[in-house]
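So you can see what is in the structure, the chains are spelled out below.
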Amino acid sequence: MTDTPIALQLYTVRDALDADFEGTIRKLAEMGYTAVEAADFPAGVTPQSAKTLFDSLGLTVSSAHSKPPLGDNRNAALEKLDALGCDYMVIPWLDPDPYFVDLDGIKRACDLLNESNEVAQGAGLTLAYHNHWFEPVMIDGKTGFQHMLDYMDERIVFELDVYWTKVGGLDPVETVKELNPRMPLLHLKDGPAEAIEQDMTAVGSGTVDIPAIVSASEAKWHIVELDRCATDMLDAVAQSLTYLKGLQS
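First, a word on scope: everything that follows refers to the structure included in this document. (Residues numbered from 1 in each chain as written. Predicted model: local features only at pLDDT ≥ 70, side-chain atom pairs only at ≥ 80, totals over all residues. Heavy atoms only, no water.)

The next thing to look at is the layout of surface pockets. Of the voids in this model, the largest pocket is the one considered here, and its volume is about 640 Å³. Lining of the largest pocket is provided by 24 residues; of these, Ala39, Asp40, His65, Ser66 and Pro92 occupy positions nearest its centre. For the lining of the largest pocket, the secondary structure elements donating two or more residues are helix H1 (14-19) and helix H4 (74-84). (1 Å grid on protein atoms, 1.4 Å probe; cavity = no way out; pocket = protein on both sides within 12 Å on 5 of 7 lines; lining within 4 Å. Points joined across faces, edges and corners; volume = space filled by probe spheres on them. Helix = DSSP H or I, 4+ residues; strand = E, 2+ residues; numbered from the N terminus.)

What follows is the structure, encoded as structure tokens:
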């Protein structure tokens with residue numbers, strides 16, 4: 001197994017961060033995390049103050065989720081990435097309706113991403129797109145992923161979420177292999193992976209073939225993300241890191 005660095009997407013522990021931002025970040029560092037992926041910050045926490053805390057604990061910011069840097073969101077998105085000092089701006093969600101119901105919708109999604117990419121590139125950033133369960137939809141004989149490769153600017157990359165890829169009906173290992181040339185960021189999560197509403201589990205304790213995925217991955221970052229969990233989230237986050245480090249030993 002590779003020694004790809006492991007980060008945590010902070011959305012995973014959003015409730016704990018809302019209750020005690022600094023205390024929770026310190027717990028993550030104590031667990032052994034050396035990097036985080038930013039999402040939205042709680043009220044009263046700025047990207048600048050968060051970065052100061054991260055730096056004090058030796059936490060690298062791998063990447064940051066952001067709204068498309070267009071219109072009224074442009075300046076705030078660019079300022080956030082600049083303050084955090086990371087190179088990857090990740091668009092974490094585009095509404096499946098209208099964007100992934102037909103080929104015209106996918107083309108419109110790619111137009112939006114291409115426009116966002118021009119802004120990101122102008123700021124020295126790499127734009128990434130994070131999938132969910134609807135991109136694997138088959139349209140005109142190809143998956144949404146494959147259509148996106150046709151219509152997206154080739155400088156845009158993927159942050160592949162292996163759990164949602166499986167829920168959407170694709171083989172995560174084969175999808176990793178297909179997207180590897182454009183997949184510097186890989187989201188690792190686990191659980192039943194049969195339906196959208198199911199609770200997730202610590203990485204390594206569900207049905208997703210994490211060892212095969214990690215072995216196939218050429219990503220620069222492996223990022224733990226759990227949307228929700230039936231067990232204590234901080235425990236699941238710690239267990240996930242221990243498991244992934246075990247694959248590297």
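This brings us to the pattern of salt bridges. Inspection of every chain in the model, using the stated rule, returns nine salt bridges. Its salt-bridge partner being Asp153, residue Arg155 comes within 2.8 Å of it at the nearest N-O pair. Residue class for Arg155 comes out partly exposed when judged on its relative accessible area of 36%. Several salt bridges converge on common partners, so that one network encompasses Asp161, Lys189, Glu225 and Asp227. (Salt bridge = Lys/Arg side-chain N within 4 Å of Asp/Glu carboxyl O. Buried < 20%, exposed > 50% of the residue type's maximum accessible area, 1.4 Å probe, protein only.)

Turning next to unusual backbone geometry. In the Ramachandran plot, Asp140 falls in the positive-phi region, its phi being about 55° despite a non-glycine side chain. Tracing the chain through its elements places Asp140 in the loop between strand E6 (138-139) and strand E7 (142-143). Judged by relative accessible area, Asp140 falls into the exposed class, the value being 62%. Not every positive phi belongs to a glycine, and Ala193 is a case in point at roughly 60°. Structurally, Ala193 is set in the loop between strand E9 (185-188) and helix H10 (210-216). Owing to a relative accessible area of 6%, Ala193 belongs among the buried residues under this scheme.

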